[in-house]
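Observations on the model geometry
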Amino acid sequence: MAVGQLKKMEKIWKGQDKQTKLKIVRACIFPIAMYGCEGWTLTTADEKKINAFEMKCYRRMLRIPWIAKRKNKEILKELKVGQDWLLNNNEVRKLSYFGHLKRHDSLEKHILEARLEGKRRKGRPTRRWTEDIREWLQISPTEAGREAQKREVFRWRVREATSTKTCQDE
């Protein structure tokens, strides 16, 4: 966005309408930050960084200085936003992408289902992309793939898995 356009939006950023600011942040900033998140394998440390980024955006939007002693829950309550909104959005996008991959015959599907020959390295195995699917849907990726063939059944499964986490502000 050009500097002139940002200058025109100055009235919005300095204004008091929190919901308009929230919509702008969710439409302009979060998509850039989460670009390509469907392919990420998130660790606990990554999740903490995403949550910290989300809260930093909310604090900046509300013009709360970093030295202010305000709890995250207070800020989320003020904005009427559920906790971990950005992570939950990532989960929905990743599950939708998984369903898309399983329904179409593509290079990505072959890469996802490929088995490598040889021995694995010593130590703890790295977290796999499909482990998130297993954890969120509470079924194996193979079974989830079968359900994904029936789009409506899979959408219902995704809604059920993510409904407990999503917030009511949508």
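Residues numbered from 1 in each chain as written. Predicted model: local features only at pLDDT ≥ 70, side-chain atom pairs only at ≥ 80, totals over all residues. Heavy atoms only, no water.

Going by an unreviewed UniProt entry, the chain carries the name Endonuclease-reverse transcriptase and comes from Elysia marginata.

**Things to note about the packing of helix α3 (residues 18-33) against helix α4 (residues 44-61)**
It is at 11 Å that the axes of α3 and α4 come closest, and there the two elements cross at 145°. Seen from above, α3 lies across α4 with right-handed handedness. On α4, the residues touching Lys18, Lys21, Leu22, Val25, Arg26, Ile29, Phe30 and Ala33 of α3 are Phe53, Glu54, Cys57, Tyr58 and Met61. Each residue belonging to the contact of α3 with α4 can be placed in one class, and the counts come to nine nonpolar, no polar and four charged. (Axes fitted to C-alpha atoms, helices over the stretch in contact; angles between N-to-C directions. Helix = DSSP H or I, 4+ residues; strand = E, 2+ residues; numbered from the N terminus. Left-handed = near helix turned anticlockwise from the far one by under 90°. Contact = heavy atoms within 4.5 Å. Nonpolar A, V, L, I, M, F, W, Y, C, P; charged D, E, K, R; others polar.)

**Considering the packing of aromatic side chains**
Taken as a whole, this structure holds six aromatic pairs when the rule is applied. Ring geometry for Phe98 and Phe154: centres 6.1 Å apart, planes at 40°, overall tilted. Placement of the pair is Phe98 in helix α6 (residues 85-103) and Phe154 in helix α10 (residues 151-163), with a sequence separation of 56 residues. Since its relative accessible area comes to 3%, Phe154 is described here as buried. (Phe/Tyr/Trp six-rings, centres within 6.5 Å; stacked < 30°, edge-to-face > 60°. Buried < 20%, exposed > 50% of the residue type's maximum accessible area, 1.4 Å probe, protein only.)

**With respect to helix α5 (residues 72-79)**
Looking at α5, one finds that the buried residues are Ile75, Leu76 and Leu79. Each buried residue of α5 lies within a common arc of 100° when the element is viewed along its axis, so the set occupies one face. The exposed set on the far side of α5, more than 90 degrees from its buried face, consists of Lys73 and Lys77. Contacts from the buried residues of α5 go to α3 and α4. (Arc of directions from axis to C-beta.)

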